[in-house]
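Okay, here's what each chain looks like letter by letter:
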Amino acid sequence: MNIKVSVPGKIILSGEHAVVYGKPALAVAVDKYLTVVIKSCRNKKELINAGKEDPVLVKEAIKIVKETLEDNKVFDNGWELTITSKIPVGVGMGSSAAVSVGVITALMALASGDSRINDKKINDLAYKVEKKQHGNPSGIDNSTVTFGGVIWYRKEFDFLKTLWRLPFKIAASLDNFHLVNTGKPVETTGEMVSLVSAKLKRLNDSQNLLDKIEQETKKITVGLREVKEDLLKKAIKDNQRLLEKLGVVGIFAKTIVREIEQSGGVAKISGAGGIKDKSGILLVYHHDQEVIKKIARKYKLDDFKTRFGVEGIRVENLDL
Ligand code: MEV
């Protein structure tokens, strides 16, 4: 059997880090895809072409599937797995979640001989891989890339996570979002999550800070739903200040955010961020794409637009 799996990337619009502490977060699946092709071969070998993705993560995802399935005989026949991706690696756009989800989906489909998938099961397994990778994930990354759409997510406990696919699209008049890649942080997501945990222990008003982030997440959601641009813009800007207070934004990213603000836009980091050097992807809201392009060029950075709220995992049986 030959199978192709496509998994979208993700952008967190609001609530990163706070979501680890039971606060809600708002995220969208975006149209940058990771593809996993799996082919069965008769040579009894296991061949893995991970491309630019972390081979350790790929192996972890394979291990989890093998541990889960009762019958692993299908894998004895030999198979080849190849990953290609347009999701920038390690900048907060869900590349590692897409690897886990893509590899798990491909192997489950190969094992069952059926391209119809159980996305809930896949999501649960991908969460286990994320836990091995990051220690204390909320599960928002794997959930967003699995189910797709515009997601309102909250983790109450490890065993109770609520996820709503919001029943609205982002209005055309609010289609002024851009992404600017400030570069891959030296810190991993797990390290940033630990850093925040230590910071929250030191702060006197840590609960207040998390509550404020929750309020901004709600304002951004209402701003999008009711097409209130001023509310949306102010909430993105205030959210960025709260993330700075949380200690997840480096000086370089801060400089670019301030420049975007001076030019009439707003921006925030999206995802875990980074403090020592680069801070990953910036979510930007600005009416003039040329202004953003100019700022990005000045700092030799990539800027691009993506579609927000695309579908989650897609599986194709290449034999049909
Ligand atoms: C990373 O994309 C989002 C964080 O909130 C971590 C998590 O939720 O697992 C920083």
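Only a predicted model underlies this, so the values are computations on that prediction, with no experimental measurement involved.

Asks: Which residues make up the overall build of the chain, and what values go with them?
Replies: Scanning the chain from N- to C-terminus turns up nine helices and eleven strands. At 20 Å, the chain has a C-alpha radius of gyration in line with the 20 Å of a compact globule built from 320 residues. Taken over the C-alpha atoms alone, the chain extends approximately 60 × 40 × 35 Å along its principal axes. The buried share of the chain, reckoned over its 320 residues, is 54%. Of all intrachain contacts in the chain linking residues separated by at least 6 positions in sequence, the fraction that spans at least 24 positions is 77%. Here the chain displays about 14400 Å² of accessible surface, and carbon together with sulfur accounts for 50% of that area. Charged side chains of the chain number 52 positive and 40 negative; the gap between the two group centres comes to 2 Å.

Asks: So what's going on with helix α9 (residues 289-298)? Which residues, and what values?
Replies: The complete set of buried residues in α9 reads I292, I295 and A296. Buried residues of α9 fall within an arc of 100 degrees about the axis and therefore sit on the same side. The outward face of α9, more than 90 degrees from its buried face, is lined by the exposed residues K294, R297 and K298. Of the surrounding secondary structure, the elements contacted by the buried residues of α9 are β7 (177-181), α8 (251-262), β9 (281-285) and β10 (302-304). For α9, the capping residue at the N-terminal end is D288, with a side-chain oxygen 3.0 Å from the backbone nitrogen of E290.

Asks: I'd love a proper account of the sheet that holds β9, names of residues and values included.
Replies: Pairing is antiparallel in the open sheet, where four strands are placed in the order β8-β9-β7-β10. Taken across any chain shown, the strands that pair with only one partner, and hence form the sheet edges, are β8 (266-269) and β10. Each adjacent strand pair in this sheet contributes to an overall mean axis angle of 25 degrees, direction not counted.

Asks: An account of the site of the ligand is requested, with residue identities and associated values reported.
Replies: Around the ligand sit 13 residues, and of these K10, H17, V19, S138 and D141 come closest. Between H17 and the ligand, the recorded distance is 2.8 Å, taken from a backbone N or O atom to an oxygen atom. A distance of 2.6 Å separates an oxygen atom of the ligand from a polar atom in the side chain of S138. In isolation the ligand has 290 Å² of accessible area, and contact with the protein removes 97% of it. Here the ligand is seated within the largest pocket. The set of elements that each furnish at least two residues to the shell around the ligand consists of β1 (2-14) and α4 (140-147). Partitioning the shell around the ligand into residue classes produces seven nonpolar, three polar and three charged.

Asks: A description of helix α5 (residues 189-202) should follow, citing residues and the corresponding values.
Replies: Over its 14 residues, α5 runs 20 Å from end to end, which matches the ideal 20 Å to within 8%, given 1.5 Å per residue. Buried within α5 we find G190, M192, V193, V196 and L200. Along α5, the residues classed as buried sweep out an arc of 165 degrees about the axis, all on the same side. The exposed residues of α5 that point more than 90 degrees off its buried face are K201 and R202. On its buried face, α5 is in contact with α3 (119-134), α6 (206-225) and α7 (229-246).

Asks: Go over the packing of helix α2 (residues 95-112) against α4 with me, naming the residues and quoting the values.
Replies: Axis separation between α2 and α4 bottoms out at 9 Å; the angle between their running directions is 60 degrees. Taken as axis vectors, α2 and α4 run oblique relative to one another. Helix-helix and strand crossings are classified by hand; for α2 and α4 the assignment is right-handed. Residues A97, A98 and V101 of α2 form the contact with α4, whose participating residues are D141, N142, V145 and T146. Taken together, the residues of the contact of α2 with α4 break down into four nonpolar, two polar and one charged.

Asks: Can you explain the layout of surface pockets? Please cite residues and give values.
Replies: Taken as a whole, the largest pocket encloses approximately 720 Å³ of empty space. Together, 38 residues line the largest pocket, and G90, S96, H134, T188 and T189 are the ones closest to its centre. Counting residues per element, the ones that place at least two in the lining of the largest pocket are β1, α2, α3, α4 and α5. By volume, the second largest pocket amounts to about 390 Å³. Lining the second largest pocket are 19 residues, with K169, I170, R307, F308 and G309 sitting closest to its centre. For the lining of the second largest pocket, a count of residues per class yields ten nonpolar, three polar and six charged.

What counts, and at which threshold
Residues numbered from 1 in each chain as written. Predicted model: local features only at pLDDT ≥ 70, side-chain atom pairs only at ≥ 80, totals over all residues. Heavy atoms only, no water. Helix = DSSP H or I, 4+ residues; strand = E, 2+ residues; numbered from the N terminus. Rg over C-alpha atoms; globule rule 2.2 N^0.38 Å. Buried < 20%, exposed > 50% of the residue type's maximum accessible area, 1.4 Å probe, protein only. Contact = heavy atoms within 4.5 Å. Areas by Shrake-Rupley, 256 points an atom, 1.4 Å probe, with all protein chains shown as cover. Lys, Arg positive; Asp, Glu negative; His and termini not counted. Charge placed at Lys NZ, Arg CZ, Asp CG, Glu CD. Arc of directions from axis to C-beta. Polar contact = N/O pair within 3.5 Å; in protein donor to acceptor, adjacent residues only side chain to side chain. Pairing = 2+ DSSP bridges. Axes fitted to C-alpha atoms, helices over the stretch in contact; angles between N-to-C directions. Near = heavy atom within 4 Å. 1 Å grid on protein atoms, 1.4 Å probe; cavity = no way out; pocket = protein on both sides within 12 Å on 5 of 7 lines; lining within 4 Å. Sits in = over half its atoms within 2 Å of the grid points. Nonpolar A, V, L, I, M, F, W, Y, C, P; charged D, E, K, R; others polar. Expected span 1.5 Å × (residues − 1). Parallel < 35°, antiparallel > 145°, perpendicular 65-115°, else oblique. Left-handed = near helix turned anticlockwise from the far one by under 90°. Points joined across faces, edges and corners; volume = space filled by probe spheres on them.

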